[in-house]
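An overview of the molecular structure
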Amino acid sequence: MKALVTGGAGFIGSHLADALRLGGAEVHIIDNLSSGLREQVHPSARLHEEDITMENISDLIQAIRPDVLFHLAAQIDVQSSIANPAQDSNTNVVGTLRILQACKQSGVRKLVFSSTSAVYGEGSQYPKDESMATSPISFYGLSKDTAEKSIRLFHRLSGLPYTILRYSNVYGPRQTSRGEGGVISVFMNKLKQNLPLTVHGTGEQTRDFIYVQDIVEANLAAVRKGDGQTVNISTGRRTSINQLVDLLKRIHEPELGVEHSPARAGDIRDSCLDNRLAERVLEWSPRSSLIEGLKQTYRSILT
Ligand code: NAD
């Protein structure tokens, strides 16, 4: 199999590229290294240092002729999307439209798209399932929602097979402190510097933390399954920030300091995605427990 991973020098994309190489695939990566790192690229994957929004990106993809295209390259920072919505939309919407046209022109057999729980926005009903309407509350959520809709429309018009994966809060080795799900990486960096952890508000706000290796497995499953589906990829469990701190206390031997600060404006209180559709259509379910995933992340950052 020949695979193309956009954003393959980033946090999730680099783990996916590693797994694809391990499985024997020929792996190409398109990444402009705006947040990704050259040293995260698997040594035997081919890095094309290009921007997905370039008008002629299709020429490069036609030259590669991938069987499967995993589209992860994105502007992922919610606050940046609010400060600069046009730039966010350029990468996440225009970039996706360029990738779609390139898929058609180069005969891609399957597109697997990385989307996000941010498309759902707020609401009182948890966990959120795929039948619920999307109603984003940031330009990042809106651009991902628009990218999803563009993929579905493109499929109707041209028949391109696709699967859309909506991730909850992903964590694991190589994650930086910005963007989505960053609280674990923020806390790990604090532990590394022996600084206290800052908990905003009461700490009772919850997130659905999913380990990066489980995200990789969902992408691999989507190569052959889940055609035409939009699927949540999550644990389906809510973990509060206070519970997260308690787990970190079990992993980190030195005394762990905790500070409290006022709740941040714009932070949603709870986030949790129902993953039962993924179990049915992708035959996928998360395998890493939070404590195991935290231990792996801790080892990679602190040792
Ligand atoms: P990341 O920032 O580590 O990776 C994104 C990669 O895309 C980077 O390597 C960056 O250099 C590259 N990139 C950005 N703009 C580009 C452009 N115009 N052209 C080419 N390359 C470009 O982020 P990540 O956490 O690995 O996220 C990967 C995908 O997963 C994104 O699509 C994101 O929306 C989605 N996602 C992530 C999370 C999470 O918790 N991390 C949650 C939900 C969805």
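Cut-offs used in this document
Residues numbered from 1 in each chain as written. Predicted model: local features only at pLDDT ≥ 70, side-chain atom pairs only at ≥ 80, totals over all residues. Heavy atoms only, no water. UniProt positions renumbered as here; feature names shortened; annotations may be inferred. Near = heavy atom within 4 Å. Polar contact = N/O pair within 3.5 Å; in protein donor to acceptor, adjacent residues only side chain to side chain. Areas by Shrake-Rupley, 256 points an atom, 1.4 Å probe, with all protein chains shown as cover. Helix = DSSP H or I, 4+ residues; strand = E, 2+ residues; numbered from the N terminus. Patch = residues over 30% accessible without salt bridge, like charges linked within 9 Å, V, L, I, M, F, W, Y side chains within 5 Å. Salt bridge = Lys/Arg side-chain N within 4 Å of Asp/Glu carboxyl O. Buried < 20%, exposed > 50% of the residue type's maximum accessible area, 1.4 Å probe, protein only. Phe/Tyr/Trp six-rings, centres within 6.5 Å; stacked < 30°, edge-to-face > 60°. Pairing = 2+ DSSP bridges. Axes fitted to C-alpha atoms, helices over the stretch in contact; angles between N-to-C directions. Contact = heavy atoms within 4.5 Å. Domains from an automatic or database assignment. Buried area = accessible area lost by both parts, 1.4 Å probe.

Per an unreviewed UniProt entry, the protein goes by NAD-dependent epimerase/dehydratase family protein and derives from Cohnella thailandensis. UniProt, in its Sequence similarities (unreviewed entry) section for the protein, records the words "Belongs to the NAD(P)-dependent epimerase/dehydratase family."

**Thoughts on the site of the ligand**
By nearness alone, 29 residues border the ligand, and D31, S35, L72, Y140 and K144 come closest of all. One of the backbone nitrogen or oxygen atoms of S34 is found 3.1 Å away from an oxygen atom of the ligand. The separation between an oxygen atom of the ligand and a polar side-chain atom of K144 is 2.8 Å. Look at the ligand: alone it shows 830 Å² of surface, and the protein chains cover 97% of it. Elements with a minimum of two residues in the shell around the ligand: helix 1 (11–22), strand 5 (110–116) and helix 5 (139–158).

**Let's talk about a nonpolar patch on the surface**
A contiguous nonpolar surface patch, about 260 Å² in accessible area, is contributed by I82, F139 and L142. Locating L142 in the fold gives a position in helix 5. You can call L142 partly exposed: its relative accessible area is 40%.

**Topic: the pattern of salt bridges**
Per the stated rule, a full pass over the model turns up twelve salt bridges. We note a salt bridge from R174 to D18, for which the minimum N-O separation is 2.9 Å. Placement of the pair is R174 in the loop between strand 7 (169–171) and helix 6 (183–192) and D18 in helix 1, with a sequence separation of 156 residues. The class of R174 is partly exposed, set by a relative accessible area of 31%. Sharing partners across several salt bridges, the network here consists of E148, R152 and R166.

**Examining the packing of aromatic side chains**
A complete count under the given rule lists two aromatic pairs for this structure. Seen from their ring centres, Y171 and F209 are 6.5 Å apart, and the 90 degrees between their planes marks the pair as edge-to-face. Taken as a pair, Y171 in strand 7 and F209 in strand 10 (residues 209–211) lie far apart in primary sequence, 38 residues in all. By relative accessible area, Y171 is classed as buried at 1%. Residue class for F209 comes out buried when judged on its relative accessible area of 4%. Every member of this aromatic cluster is reached through a ring pair, and the members are Y171, F209 and Y211.

**Re the sheet that holds strand 11 (residues 229–233)**
Spatial ordering of the open sheet is given by 3-2-1-4-5-6-11, a layout of seven strands whose pairing is parallel. Either end of the sheet is taken by a strand with one partner, and the two such strands are strand 3 (46–48) and strand 11. Each strand of the sheet is rotated relative to its neighbour by a mean of 20 degrees, with strand direction disregarded. Of the pairings in the sheet, the one linking strand 5 to strand 6 (residues 162–167) comprises six bridges and is parallel in character. For S115, the partnering residue across the bridge sits in strand 6 and is R166. Where helix 5 meets the sheet, its contacts fall on strand 5, strand 6 and strand 11, and the angle it forms with strand 5 comes to roughly 155 degrees.

**Describing the domain arrangement of the protein**
Structurally, the protein comprises domain 1 (2–168 + 210–235 + 272–281) and domain 2 (171–206 + 238–271 + 290–302). In this structure, domain 1 and domain 2 have C-alpha centres spaced 26 Å apart. If you look at the interface, domain 1 gives 18 residues, while domain 2 gives 15 residues. A combined buried area of about 1700 Å² lies between domain 1 and domain 2, and 51% of that area is made up of carbon and sulfur atoms. Counting the surface domain 1 buries against domain 2, the share from its top three residues, F11, Y211 and C272, is 35%. Along the contact surface separating domain 1 from domain 2 lie one salt bridge. Our count for the domain 1 to domain 2 interface comes out at six residue pairs in polar contact (both at pLDDT 80 or more). Those elements that place two or more of their residues in the side of domain 1 that touches domain 2 are helix 1 and strand 10. In terms of residue count, the dominant contributor to the side of domain 1 that touches domain 2 is helix 1 (four residues).

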